[in-house]
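A look at the structure
One letter stands for each residue in the lines below.
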Amino acid sequence: MEQENKLFQEVNGSYTMLEAIEEAKRCLHCKVPQCKKGCPISHDIPDWIHELSMGNLGNAMNIINSKSNLPAVCGRVCPHEKQCEGHCVLAKKGHGIHVGKLERFIADFDGDMGLIREKLLPKTRGKVAVIGSGPAGLTIAGDLARQGFNVEIFEMEPEPGGVLMFGIPEYRLPKDIVRREIKKIEELGVVFHCNTTVGKDNLTVDKLFELGFDAIFMGTGTGKPKKLNIPGCNLKGVRQAIWFLRRVSLYNEGNLSRDEVVVNEGKRVFVIGCGNTAMDAARTAVRMGASDVQVVYHRTINDMSALRSEYEEAVEEGVKFNWESSIVEIHDNEGTLNEVVIETNSGERRTENADIVIMAVGSAPASRIVSTTTGIDVDDRGYVLTREKPYGMTTRKGVFAGGDVVNRPSTVVLAMRDAKQVAEGIAQYVDAVKLLEAINMGGELKNVEERN
């Protein structure tokens, strides 16, 4: 167990104070910052980097907090090479500013030092329920709490964090970092209810409204994994990537025994798909002792949705890749998975010994909340339909949704961007409803003479 925990230690190191300030000094502080344009949540990147370059870490943190509730997370798992860092003008010369690593440094310093938080507004503006505590839910909660809303989060798992806690491996995003970011949101006055599932045990959307919530946000993600219809796909050795990563996370936390993780020493593992979740599954299988880990993808390396850096690190760790190939059959020997048949796009077939097949081909929304609530419409694939004004509201008044459950992009920062827009929509809606209530219940009007 101790050896495995070492394998799951964070792979990318942080800066020292001197290194961070020296890196910050390289920023050109462009008048039209392309890095900010490349950031989905429009971080004021040159401004906080400039504060860091002068050693003003408190000021830098305040600027970051104005746009992000999860800087220590984003500094680690955002696709920086495609966003802020990829747009940096210095990147054209191969020496772009390491924005993600700087953001991580500032957020970690803030967490380690326990710097003074911003002043909070009284919680008098309204009461909002948030279902799910993934990136979208945490962003909604943080933004609205800062604006004077009383926010409560309902999470079905024993610990908040959603995909941040159970879907991203420890070596990329340590659990203690997630817990620290959640604690900062808790310090904003947000209340967490864990082990609480909305849609069962008489806790429904209707019940939440009865409890006095002015608006409800659904940030439940896509918890229902998609499956490919491959002969043999129902064999015991075929698992979903989300399931596998969650099991490993629980094992690393001491909540599961080793044999409940499925991938053991010497296992031969095949991963179907080539997104970041597939990379996480493959690299995690290596850490769990698999002797042979192969990714099978039906398109080319240039078509994969995984970050190139994630792919390169997987290759360094021994993961093999089968491009323009598909697993077309999964065989067993008396009920035990033992072979996969791989077919290339040109029609060539070969059979490989296998113990485990992990599917990382996406996921779809679960229907638990929609099926226990009237008035929330979904499309033919189960994704919740929302409107543009107020942004994120479903077909039921007062119920909002965002992130994966409405089929918007699934990276952490893109879920955050969507959630920030939904938070604005919720604020507009609650303010408008309360204004109408005040007009309709404002009592007797005084005439002009009385007012004078």
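Things to note about the packing of aromatic side chains
This model, assessed by the stated rule, comprises seven aromatic pairs. Between F321 and W323, the ring centres sit 5.3 Å apart and the planes meet at 15 degrees, which makes this aromatic pair stacked. The exposure class of W323 is partly exposed, given its relative accessible area of 25%. For the cation-ring pair, R246 lies above F166, with the distance from its terminal atom to the ring centre recorded as 5.1 Å.

Thoughts on empty space enclosed by the protein
On inspection of all chains with the given rule, the structure shows three cavities of 30 Å³ or more. In this structure, the largest cavity occupies an estimated 120 Å³ of space. In this structure, the largest cavity is lined by 15 residues; those nearest its centre are C27, C30, C35, C88 and I97. No other element matches helix α4 (residues 45-53), which puts three residues into the lining of the largest cavity. Looking at side-chain class alone, the lining of the largest cavity contains 13 nonpolar, two polar and no charged residues. By volume, the second largest cavity amounts to about 100 Å³. Around the second largest cavity, the lining comprises 14 residues; the ones closest to its centre are C39, H43, C78, C84 and E103. Looking at the lining of the second largest cavity, the elements with two or more residues in it are α4 and α8 (99-113). The class makeup of the residues in the lining of the second largest cavity is 10 nonpolar, three polar and one charged.

Digging into the sheet that holds strand β10 (residues 325-333)
Spatial strand order, β10-β11-β12: three strands in an open sheet with antiparallel pairing. Unpaired on one side and paired on the other, β10 and β12 (349-353) mark the two borders of the sheet. Between one strand and the next, the sheet's axes are offset by a mean angle of 25 degrees, whatever the strand orientation. Sheet analysis places strand β11 (residues 336-344) next to β12, joined by five bridges and oriented antiparallel. Paired with I342 across the two strands is R350, which belongs to β12.

Topic: unusual backbone geometry
K389 connects to P390 through a cis peptide bond whose omega is -10 degrees. With respect to the element layout, P390 can be found in the loop between α16 (368-371) and β15 (399-401). Despite not being glycine, S42 shows a phi value in the positive range, around 55 degrees.

Focus on the packing of helix α13 (residues 241-252) against helix α14 (residues 276-287)
Interhelical geometry of α13 versus α14 gives an angle of 45 degrees and a closest axis separation of 10 Å. Regarding the angle of α13 to α14, the classification is oblique. For the element pair α13 and α14, the recorded crossing hand is left-handed. On the side of α13, the interface is formed by A241, F244, L245 and V248, while α14 contributes T277, D280, A281, T284 and A285.

Remarks on the sheet that holds strand β7 (residues 268-272)
Taken in spatial order, the five strands make up an open sheet running β6-β13-β7-β8-β9, and their pairing is parallel. The sheet is open, and its two edges are formed by β6 (238-240) and β9 (320-322), each paired on a single side. For this sheet, the mean inter-axis angle between neighbouring strands, taken without regard to orientation, is 25 degrees. In this structure, β7 lies alongside strand β8 (residues 292-296), joined through five bridges in parallel fashion. Following the sheet pairing, F270 is matched in β8 by Q294. Here α13 sits on the sheet in contact with β6 and β13 (356-359), set at roughly 80 degrees to β6. In this fold α14 packs onto β7, β8, β9 and β13, with an angle of close to 170 degrees to the strand it touches most, β8.

Some points on the pattern of salt bridges
Evaluation of the coordinates by the stated rule reveals 34 salt bridges. Between R104 and D108 there is a salt bridge, and its shortest N-O distance comes to 3.7 Å. One end of the pair, R104, and the other, D108, are both in helix α8, four residues apart, so they sit about a helical turn from each other. Under the relative-accessibility criterion, D108 is labelled buried at 10%. For R247, the salt bridge is made with E260, and the minimal N-O distance between the two is 3.9 Å. Here R247, found in helix α13, pairs with E260, found in the loop between α13 and β7; they are 13 residues apart in sequence, far enough to count as distant. On the accessibility criterion, E260 (32% relative accessible area) is partly exposed.

As for the nonpolar core
Grouped together as the largest cluster of nonpolar side chains are 102 residues, with contacts concentrated most on W48, L52, I140, L144, L164, V269 and I426. With 11 residues, helix α17 (residues 412-440) is the largest single contributor of residues to this core. If near-sequence neighbours (up to four positions away) are discounted, L52 is found in contact with A20, I21, A24, L57, A60, L102, F105 and I106.

A look at the layout of surface pockets
In this structure, the second largest pocket occupies an estimated 510 Å³ of space. Surrounding the second largest pocket, 23 residues form its lining, N12, G75, R76, H80 and S309 being those nearest its centre. Listing elements by their share of the lining of the second largest pocket, those giving two or more residues are α6 (71-77), α8 and α15 (308-316). The class makeup of the residues in the lining of the second largest pocket is six nonpolar, seven polar and 10 charged.

Looking at helix α11 (residues 175-186)
In an α-helix, one turn spans 3.6 residues; hence positions three or four apart end up facing the same way. In a regular helix each residue adds 1.5 Å, so 12 residues correspond to 16 Å; α11 covers 16 Å between its end C-alpha atoms and thus fits that length. Where α11 is concerned, the buried positions are K175, I177, V178, R180, E181, I182, K184 and I185.

Some words on the side chain of D110
The topology assignment puts D110 in helix α8. Using a relative accessible area of 2% as the deciding quantity, one classes D110 as buried. Here the side chain of D110 touches K184 through a polar contact of 3.4 Å, side chain to side chain.

About the criteria used
- In this convention, every chain numbers its residues from 1, walking through the sequence in written order.
- For a predicted model such as this one, the threshold for reporting local features is a pLDDT of at least 70, and the threshold for listing and counting side-chain atom pairs is 80 or more; totals across whole chains, interfaces and linings nevertheless cover every residue.
- For side-chain calculations, the full set of non-hydrogen atoms in the structure is used, while hydrogens and water are omitted.
- Between 30 and 60 degrees the pair is tilted, below 30 it is stacked and above 60 it is edge-to-face, where a pair is any two Phe, Tyr or Trp rings, Trp via its six-membered ring, whose centres lie within 6.5 Å.
- Only protein chains enter the accessibility calculation, which uses a 1.4 Å probe; a residue whose area is less than 20% of its type maximum is buried, one above 50% is exposed, and one in between is partly exposed.
- Only when the NZ of Lys or the CZ of Arg is both within 6 Å of the ring centre and within 35 degrees of the ring normal is a charge said to sit over the ring.
- Space inside and on the surface of the protein is sampled on a 1 Å grid over the protein atoms alone, with a cavity defined as a set of points where a 1.4 Å probe fits but cannot get out and a pocket as an open set with protein on both sides within 12 Å along at least 5 of 7 lines; lining residues have an atom within 4 Å of a point.
- Grid points are joined across faces, edges and corners, and a volume is the space filled by probe spheres set on the points.
- Strands are runs of DSSP state E lasting at least 2 residues, helices are runs of H or I lasting at least 4, and numbering of each runs from the N terminus.
- For this classification, the nonpolar set comprises Ala, Val, Leu, Ile, Met, Phe, Trp, Tyr, Cys and Pro, the charged set comprises Asp, Glu, Lys and Arg, and every other residue, Gly included, is treated as polar.
- The criterion for strand pairing is that DSSP finds at least two bridges linking the strands in question.
- Axis geometry follows a simple rule: fit a line to the C-alpha atoms, using only the stretch in contact for helices, then measure angles between N-to-C directions, giving values from 0 to 180 degrees.
- For classification purposes, an angle smaller than 35 degrees is called roughly parallel, one larger than 145 roughly antiparallel, one from 65 to 115 roughly perpendicular, and anything else oblique.
- The hand of a helix crossing depends on one turn: near helix anticlockwise from the far one by less than a right angle means left-handed, and clockwise means right-handed.
- It only takes one pair of heavy atoms within 4.5 Å for two residues to be counted as in contact.
- Whenever Lys or Arg places a side-chain nitrogen within 4 Å of a carboxyl oxygen from Asp or Glu, that contact is recorded as a salt bridge.
- Remark: nonpolar core denotes a set of buried residues (Ala, Val, Leu, Ile, Met, Phe, Trp, Tyr, Cys) joined through side-chain atoms within 4.5 Å.
- Helix span, expected: 1.5 Å multiplied by one less than the number of residues in the helix.
- Contacts described as polar in this section are N or O atom pairs within 3.5 Å, which, within protein, must combine one atom able to donate a hydrogen with one able to accept it, while residues neighboring in sequence count only if both atoms come from side chains.

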